[in-house]
Amino acid sequence: MTLLRIQNLHKIYKNGTHALKGVSFEVEEGEFLVIIGLSGSGKSTLLRCVNRLIEPTTGTIEFLGKDITHIKGEELRSVKKQIGMVFQQFNLIKRRSVLSNVIVGRLGSMKTLDSIFERFPDSIYDEAKKCLETVGIEEKADVRADSLSGGQQQRVAIARSLMQNPKLLLADEPVASLDPATSNSVMQYFEKINKELGTTVVCNLHFLSLVRRYATRVIALKAGEIVYQGNPLEIDEDWFKTIYGDEAEEVEIR
Amino acid sequence: MIKEPGLDARPKKIIADNKKREQKFNFCKAVLLDIFLVFYSLIVIQRAIYYKFILDIRDIPFAWSQIWIVLFISIIIGSLWAFTKTSLSCNLFGVAKDCKTTKLTTEIFGWVLFDITFIAGWIVTKISIVDLFSKDGIEGAQRIFGALFQPEMSIFDDVVFATIETIYLALIATLISIPFTLIISFFTARNLMKDNKISFAIYYILRIVLNFVRSIEPVIWAIIFSVWVGIGPYAGMIALLVHSIASNAKLYSEAIEGIEDGPVEAITATGANKIQVVWYGVVPQIILPFLSFTIYRWDINVRMATVIGLVGGGGIGTMLMQYQGLAKWHEVGLIVLVIAFVVWVMDYISAKIREAIY
Ligand SMILES: Nc1ncnc2c1ncn2[C@@H]1O[C@H](COP(=O)(O)OP(=O)(O)OP(=O)(O)O)[C@@H](O)[C@H]1O
Ligand SMILES: [Mg+2]
């Protein structure tokens, strides 16, 4: 089933930057789609349009067969609840415990007053702990988020989005601030979520070796346009040069 | 992929339109600023430099008709100049032609503005070295300073009591200001209010009101409130309260504007509502700066309470005023010493507390 359908999407920022120039593609349920491209090619812009953190200028976005390009308010929040997002900078609440950071993923389904006074049902704590188990750091539940290492913080961020029971998980360069070994272990959690929970993943990545290993399909962006779409194993030297420019050379990370 | 040409033309047009609109808007601003600058220079040259300095007239004649004539001339010169696109303001707003004339006029006019402002300032404040070093002046200063350094200790108890009154007055004003400031600061933080037109309007109006309130000094508020609720500490407290709210709301909201966007964005992305986003994404980031600003405000309020006392706001300032009116310089000396001591201690304590917080 088609989970996400993007048609002729354009994004023009207020300062005039034309970041997306007519992007169209579809995402099927269960896919692990990776978006690659140079810095500034519009990868983050694309992901942020999908869950409407920013407003696309023209074009349409369909999620589960419903046009969500212009929805607002309550309706938009209910779509956001179904789409998890993981960021390069983890974006946790630094001064709060790991567990409360994970619970944040459920705020959308809570009454405002209950969430402010932290009147959570016991079941939420159990679920949060289960999410932490999924990413393997349940023993850190009570420490402050900013005392964790980068890789651990990213796993907390993944647990936070798992709390949403998302249909779709967006990840904007989730391993770009991590070292190669940690990158791989964090990517394995994405793979696990994709395979075991069946969550569709759309992920921005920089390293082709990671792309080949985890992606079921690849989209390459260049200056806001799709220049390649297909199987990650078929990206050969020529494609690599069209995507990254003639000067580029591939580096391996394992 | 097949592209429909019609669909592709639209984004390009949006870009071009945006650019044109911005240029037009900037040009309008440039014209207005040019007119104002010319008007300013003409008025300053005519009134301060010509009438007051060159003709040395005491009562400068004032006539609206004259002002209108000057304004009319400025409008003509200013707009003509702006329309050549070589003016100072065109340069400032980035719509000027890139040529030698622009550079030259900008430089020359910039200097003219600076010079006439400085000269006019000098004339208006009647700077006179002679007064500062005249024989009478120096003798007076010697008398007062001599007395100040021989403080009269018999009124020490009264002075201490008045000082405590001042400190408490400042403390109460600071404490009461906290809840008001908190609420207002969220509504005057641009990053929280810019998303929607209604909230942006609220933001804008509140900002203007706050700027207005802040631009009026606490002393003047004290005068206003002493007419309203009667002379004394209560009027002083309300004056400080009003000023504290306006000043701290600005600091608080700047702290809110300076927070990391990341957590806010992440929490928004989970589908949380606005209040939840603020509570979980914004509040944890601003608690410490808020605390620190509030302690600093208490420190400032103690100094201000002293000044407010001078106009009848109660406490040590009022006492100072009374003894100064009677020319009892020895008593004044004691009061000044106590004020200096208290301000120094407060400054030290508040700095230490703020250090400990971070
Ligand atoms: N808020 C913004 N306002 C204006 N321009 C922006 C904004 N965000 C991004 N851009 C511009 O849009 C273009 C695409 O940016 P985007 O962040 O989507 O690229 P990216 O592919 O994610 O790059 P990176 O790998 O560096 O994260 C860039 O030219 C960027 O400068
Ligand atoms: Mg990016």
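Residues numbered from 1 in each chain as written. Chains lettered and ligands numbered in written order. Predicted model: local features only at pLDDT ≥ 70, side-chain atom pairs only at ≥ 80, totals over all residues. Heavy atoms only, no water.

Draft legend 1. Broad picture of the overall build of chain B. Along its length, chain B carries 15 helices and 0 strands. For 358 residues, the compact-globule formula gives about 21 Å, and the C-alpha radius of gyration of chain B, at 28 Å, lies well above that figure. For chain B, the spread of C-alpha atoms along the principal axes amounts to about 95 × 70 × 35 Å. Burial statistics for chain B: of 358 residues in total, 40% are counted as buried. By element, 71% of the accessible surface of chain B is carried by carbon and sulfur atoms, the whole surface being about 21400 Å². (Helix = DSSP H or I, 4+ residues; strand = E, 2+ residues; numbered from the N terminus. Rg over C-alpha atoms; globule rule 2.2 N^0.38 Å. Buried < 20%, exposed > 50% of the residue type's maximum accessible area, 1.4 Å probe, protein only. Areas by Shrake-Rupley, 256 points an atom, 1.4 Å probe, with all protein chains shown as cover.)

Draft legend 2. Examining the side chain of B:Thr188 more closely. Secondary-structure assignment places B:Thr188 in the loop between helix H7 (156–187) and helix H8 (190–193). In contact with B:Thr188, other than residues within four places in its own chain, are B:Tyr203, B:Leu206, B:Arg207, B:Leu210, B:Ala249, B:Ser253 and B:Glu257. (Contact = heavy atoms within 4.5 Å.)

Draft legend 3. Structural context of the sheet that holds strand E7 (residues 168–172) of chain A. Residue and element names in this part refer to chain A. Spatially, the 6 strands line up as an open sheet ordered E6-E7-E8-E3-E9-E10, and their pairing is mixed. Each having just a single partner strand, strand E6 (83–86) and strand E10 (225–230) make up the two edges of the open sheet. For this sheet, the mean angle separating the axes of adjacent strands, direction not counted, is 15°. Together, strand E3 (32–37), E6, E7, strand E8 (200–204) and strand E9 (217–222) form the strand contacts of helix H1 (residues 43–50), whose direction differs from that of E7 by roughly 150°. (Pairing = 2+ DSSP bridges. Axes fitted to C-alpha atoms, helices over the stretch in contact; angles between N-to-C directions.)

Draft legend 4. Expanded view of empty space enclosed by the protein. Residues and elements named next belong to chain B. Enumeration over the complete set of coordinates arrives at 1 cavity of 30 Å³ or more. Lining of the largest cavity is provided by Thr163, Thr166, Val302, Thr306, Ile316, Ile339, Val342 and Val343. Among the elements of the structure, H7, helix H13 (274–310) and helix H15 (329–357) are those that each provide at least two residues to the lining of the largest cavity. Examining the composition of the lining of the largest cavity, we find that 3 residues originate from one element, H15, more than from any other. Here the residues of the lining of the largest cavity sort into 5 nonpolar, 3 polar and no charged. (1 Å grid on protein atoms, 1.4 Å probe; cavity = no way out; pocket = protein on both sides within 12 Å on 5 of 7 lines; lining within 4 Å. Points joined across faces, edges and corners; volume = space filled by probe spheres on them. Nonpolar A, V, L, I, M, F, W, Y, C, P; charged D, E, K, R; others polar.)

Draft legend 5. Local environment of the site of ligand 1. Residue and element names in this part refer to chain A. Neighbouring residues of ligand 1: 14 residues in total, closest Ser39, Gly40, Lys43, Ser44 and Thr45. The side chain of tyrosine 13 places a nitrogen or oxygen atom 3.4 Å from a nitrogen atom of ligand 1. Between an oxygen atom of ligand 1 and a main-chain N or O atom of glycine 40, the distance comes to 2.7 Å. Look at ligand 1: alone it shows 630 Å² of surface, and the protein chains cover 62% of it. In the shell around ligand 1, the residues fall into 3 nonpolar, 9 polar and 2 charged. (Near = heavy atom within 4 Å. Polar contact = N/O pair within 3.5 Å; in protein donor to acceptor, adjacent residues only side chain to side chain.)

Draft legend 6. The packing of helix H10 (residues 218–229) of chain B against helix H11 (residues 233–257) of chain B, seen in detail. Residues and elements named next belong to chain B. Taken N-terminus to C-terminus, the directions of H10 and H11 make an angle of 135°; their axes are 8 Å apart at the nearest point. In this view, H10 runs oblique relative to H11, as classed from their interaxial angle. Regarding H10 and H11, the two cross each other, and that crossing is right-handed. Along its contact with H10, which presents Pro218, Trp221, Ala222, Phe225, Ser226 and Val229, the element H11 presents Tyr234, Ala235, Ile238, Ala239, Val242 and His243. Class assignment of the residues belonging to the contact of H10 with H11 gives a composition of 10 nonpolar, 2 polar and no charged. (Parallel < 35°, antiparallel > 145°, perpendicular 65-115°, else oblique. Left-handed = near helix turned anticlockwise from the far one by under 90°.)

Draft legend 7. Quick look at the interface of chain B and chain A. The interface is formed by 26 residues belonging to chain B together with 38 residues belonging to chain A. Where chain B abuts chain A, roughly 2800 Å² becomes buried across the two surfaces, and 59% of that area is made up of carbon and sulfur atoms. Linking chain B with chain A are 2 salt bridges, by the criterion used here. The residue B:Glu260 makes a salt bridge to A:Lys94 at a minimum N-O spacing of 2.5 Å. Looking at the side of chain B that touches chain A, the elements that each hand over two or more residues are helix H1 (5–54), helix H12 (261–269) and H13 of chain B. A total of 7 residues in the side of chain B that touches chain A trace back to one element, the largest contributor, which is H12(B). Class assignment of the residues belonging to the side of chain B that touches chain A gives a composition of 15 nonpolar, 6 polar and 5 charged. (Buried area = accessible area lost by both parts, 1.4 Å probe. Salt bridge = Lys/Arg side-chain N within 4 Å of Asp/Glu carboxyl O.)

Draft legend 8. Structural context of the environment of A:Ile219. Residue and element names in this part refer to chain A. With respect to the helices, strands and loops of the structure, isoleucine 219 is situated in strand E9. Along the sequence, isoleucine 219 and leucine 92 sit 127 residues apart, while their C-alpha atoms lie 29 Å from each other. Apart from residues no more than four positions distant in its own chain, isoleucine 219 is found in contact with Phe25, Leu33, Val34, Ile35, Ile36, Ile226, Tyr228 and Gln229.

Nothing here speaks to function; it is all geometry.
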